[in-house]
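Each chain is listed here by its residues.
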Amino acid sequence: MAIGVFDSGVGGLSVHRTLVARFPAADFVYLADQANTPYGGRPGEAIVDLTRAGCERLFAEGCGLVVLACNTASGIALRRLQQTWLPGYRRQLGRPANVLGIIVPTIEAATGLPWEHEAERRGDKVEKLDILAVFSTPATASSRVYEIEIDKRRQDVAVFSQACPNLAGLIEQGASREALAADVAAHVKAITSRIGRSPDRAILGCTHYEIVADLFRAALPPGTPLIHQPQATADALARYFERHPEFEIGTGGGRRFLTTGKPGAQSSLVEAFWGGPLSFEPA
Ligand code: DGL
């Protein structure tokens, strides 16, 4: 069974690239919902419906497991789909099928604590506050998923979210590096003035932003650690496969790329990030 990787567009390639490197023999199918990108400004119900349609498409391609390589889909749709749609759909398919997101692995990496862990609120004095900036789409920022989940585990970490309404769209449209750098710099400046100082660490909480991680590094003070979602997701998936041997991930090393949008080559920015030509088939 292949591993499906889903995003609204090309951002999920940042996760996909790391998963392919970690599981080179596995068969992969990547689906970009470019007809509907960006998701980040859409209402929650629309994000749930689009994410379900993407998962159905990938299961129809023979995937056994779908990784939502999208914070917006993971934060807004995953729980709903796991609770209300997946159990019946799995019965209908009659084979193992699951959907995993990327927020849980990211929070585990950011807190150093497993998902199950909830800190006891002992009211101890926090000696030093670690300020964590999260750059994301408006939908992820308004869900407050990072604030809520990190606060349950670590009282010494304060989370500040910065919604970047245009950035994923600019990356999809293949905007110039100057335009992207200006947008990134404006968001770093905005969050810095809201915090009152620079953050101690940052999460690029939208998979598209990994493609311009160098621009975030340049705009943040030198050496600010970035928590990388692709790495965190690959580590979590390796642990998942150990616990779930029923998922046979294939041995053919197959790689397919599907889009609901315009098939063919992607922008030069994306191909440079991917490290070679990338041609998408119609979904
Ligand atoms: N790359 C996606 C994310 O991680 C979504 C970007 C968008 O479609 O707005 O949130």
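Just so it is clear, the model here is predicted, and its values are computed rather than measured.

Procedures and definitions
- Residues numbered from 1 in each chain as written.
- Predicted model: local features only at pLDDT ≥ 70, side-chain atom pairs only at ≥ 80, totals over all residues.
- Heavy atoms only, no water.
- Helix = DSSP H or I, 4+ residues; strand = E, 2+ residues; numbered from the N terminus.
- Rg over C-alpha atoms; globule rule 2.2 N^0.38 Å.
- Buried < 20%, exposed > 50% of the residue type's maximum accessible area, 1.4 Å probe, protein only.
- Contact = heavy atoms within 4.5 Å.
- Lys, Arg positive; Asp, Glu negative; His and termini not counted.
- Charge placed at Lys NZ, Arg CZ, Asp CG, Glu CD.
- Salt bridge = Lys/Arg side-chain N within 4 Å of Asp/Glu carboxyl O.
- Expected span 1.5 Å × (residues − 1).
- Near = heavy atom within 4 Å.
- Polar contact = N/O pair within 3.5 Å; in protein donor to acceptor, adjacent residues only side chain to side chain.
- Areas by Shrake-Rupley, 256 points an atom, 1.4 Å probe, with all protein chains shown as cover.
- Nonpolar A, V, L, I, M, F, W, Y, C, P; charged D, E, K, R; others polar.
- Axes fitted to C-alpha atoms, helices over the stretch in contact; angles between N-to-C directions.
- Parallel < 35°, antiparallel > 145°, perpendicular 65-115°, else oblique.
- Left-handed = near helix turned anticlockwise from the far one by under 90°.
- Pairing = 2+ DSSP bridges.
- Right-handed = clockwise from strand over helix to strand, strands pointing away.

Enquirer: So what exactly am I meant to see when it comes to the overall build of the chain here?
Expert: Summing up its helical and strand segments, the chain has 12 helices and 11 strands in all. Relative to its length of 283 residues, the chain is compact, with a C-alpha radius of gyration of 18 Å against a globular reference of 19 Å. Expressed along its principal axes, the backbone C-alpha trace of the chain runs to roughly 50 × 45 × 35 Å. Counting the 283 residues in the chain, one finds 52% classified as buried. Across the chain, contacts joining residues at least 24 apart in sequence account for 78% of those joining residues at least 6 apart. Charged side chains in the chain number 29 positive and 30 negative. The centres of these two groups are separated by 2 Å.

Enquirer: So what exactly am I meant to see when it comes to the pattern of salt bridges here?
Expert: Opposite charge on two side chains allows them to pair when their charged atoms are near. Tallying each qualifying case throughout the model produces 14 salt bridges. Note that Glu-149 is salt-bridged to Arg-153, the shortest N-O span being 3.0 Å. Pair noted here: Glu-149 and Arg-153 are both in helix 7 (residues 145-153), with a separation of four residues, about one helical turn. Classification of Arg-153 as buried rests on a relative accessible area of 4%.

Enquirer: How should helix 2 (residues 44-60) be read in this particular structure?
Expert: The α-helix advances 3.6 residues per turn, and as a result positions three or four apart in sequence lie on the same side. Compared with the 24 Å implied by 1.5 Å per residue over 17 residues, the 24 Å span of helix 2 between its first and last C-alpha is a close match. For helix 2, the full list of buried residues reads Ile-47, Val-48, Leu-50, Thr-51, Gly-54, Cys-55, Leu-58 and Phe-59. Looking one or two residues beyond helix 2, the residue adopting positive phi is Gly-62, at roughly 95 degrees.

Enquirer: Would you take a moment to explain the site of the ligand for this structure?
Expert: Ser-8, Tyr-39, Gly-40, Thr-72 and His-208 are the nearest of the 14 residues found near the ligand. Contact between the ligand and Asp-7: a nitrogen atom at 3.1 Å from a side-chain N or O atom of the residue. Within the side chain of Thr-72, a nitrogen or oxygen atom sits 2.6 Å from an oxygen atom of the ligand. For the ligand, whose unbound accessible area comes to 300 Å², protein coverage reaches 99%. For the shell around the ligand, the per-class residue count stands at five nonpolar, eight polar and one charged.

Enquirer: Explain the packing of helix 5 (residues 103-111) against helix 7 to me, please; I cannot follow it from the model alone.
Expert: The angle between the axes and the distance between the axes are what describe a pair of packed helices. Running from N to C, helix 5 and helix 7 point in directions that differ by 45 degrees, and their axes come no closer than 10 Å. Taken together, the axis directions place helix 5 and helix 7 in an arrangement best described as oblique. With respect to the hand of their crossing, helix 5 and helix 7 are arranged in right-handed fashion. Counting all contacts with helix 5, which are made through Ile-103, Thr-106, Ile-107, Ala-110 and Thr-111, the residues of helix 7 involved are Val-145, Tyr-146, Glu-149, Ile-150 and Arg-153.

Enquirer: What am I meant to see in the sheet that holds strand 9 (residues 255-259) here?
Expert: Hydrogen bonding along the main chain pairs the strands of a sheet, whether they run parallel or antiparallel. Strands sit in the order 4-3-1-2-9-11-10 across an open sheet of seven strands; the sheet is mixed. Strand pairing shows two members of the sheet lacking a second neighbour, strand 4 (98-100) and strand 10 (264-265), which therefore form its edges. When strand 9 meets strand 11 (residues 279-282), the two strands line up parallel, connected through two bridges. Of the residues in strand 11, the one forming a bridge with Leu-258 is Glu-281. Relative to strand 2 (residues 28-32), helix 1 (residues 13-22) is tilted by about 175 degrees, and along the sheet it contacts strand 1 (2-7), strand 2, strand 3 (63-68), strand 9 and strand 11. The sheet contacts of helix 11 (residues 229-243) involve strand 1, strand 3 and strand 4, and relative to strand 3 the element is tilted by about 150 degrees.

Enquirer: Honestly, the environment of Arg-217 in this entry has me stumped. Any pointers?
Expert: Among the structural elements, Arg-217 can be located in helix 10 (residues 213-219). Taking the C-alpha atoms as reference points, Arg-217 and Ala-185, 32 residues apart in sequence, are found 10.0 Å from one another.

Enquirer: Help me understand the pairing of strand 2 in this model?
Expert: Successive side chains on a regular strand alternate, one facing one side of the sheet and the next facing the other. Burial runs high along strand 2: five of the five residues are buried. Residues Phe-28, Tyr-30 and Ala-32 line one face of strand 2 and the alternating positions Val-29 and Leu-31 line the opposite face, and both faces are buried. Note that strand 1 and strand 2 share five bridges and pair parallel. Among the inter-strand pairings, Ile-3 is bridged to a residue of strand 2, identified as Phe-28. Since strand 1 and strand 2 lie parallel, the crossover through helix 1 that links them has a hand, and here it is right-handed. Relative to strand 9, strand 2 runs parallel, the two being bridged by five bridges.

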